[in-house]
Amino acid sequence: MVLKKEELNEVIGGGISLSILGIIGAIGVFIAGVVDGFLRPLRCN
């Protein structure tokens, strides 16, 4: 079955956009930094 251009424009996909992937990555890095700060508190020089 071949879809026409009009039908392709109406398809709602299930892919993850790059912005959502970036936000999830940023949250993960932030949480890792907070955990690292509690486990290895370093003094400011």
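Thoughts on the overall build of the chain
Piece 1. Scanning the chain for helices and strands turns up two helices and zero strands.
Piece 2. With the C-alpha coordinates of the chain rotated into their principal frame, the extents come out at 65 × 15 × 10 Å.
Piece 3. Within the chain, the proportion of its 45 residues that are buried is 0%.
Piece 4. Side chains of the chain give 4 positive and 4 negative charges; the mean places of these two sets differ by 17 Å.

What about a nonpolar patch on the surface?
Piece 1. The grouping of I23, I27, F30, I31, V34, V35, F38 and L39 at the surface amounts to a nonpolar patch, some 870 Å² of accessible area in total.
Piece 2. Residue classification places F38 among the exposed residues on the basis of a relative accessible area of 68%.

Conventions we followed
- Residues numbered from 1 in each chain as written.
- Predicted model: local features only at pLDDT ≥ 70, side-chain atom pairs only at ≥ 80, totals over all residues.
- Heavy atoms only, no water.
- Helix = DSSP H or I, 4+ residues; strand = E, 2+ residues; numbered from the N terminus.
- Buried < 20%, exposed > 50% of the residue type's maximum accessible area, 1.4 Å probe, protein only.
- Lys, Arg positive; Asp, Glu negative; His and termini not counted.
- Charge placed at Lys NZ, Arg CZ, Asp CG, Glu CD.
- Patch = residues over 30% accessible without salt bridge, like charges linked within 9 Å, V, L, I, M, F, W, Y side chains within 5 Å.
- Areas by Shrake-Rupley, 256 points an atom, 1.4 Å probe, with all protein chains shown as cover.
- Salt bridge = Lys/Arg side-chain N within 4 Å of Asp/Glu carboxyl O.

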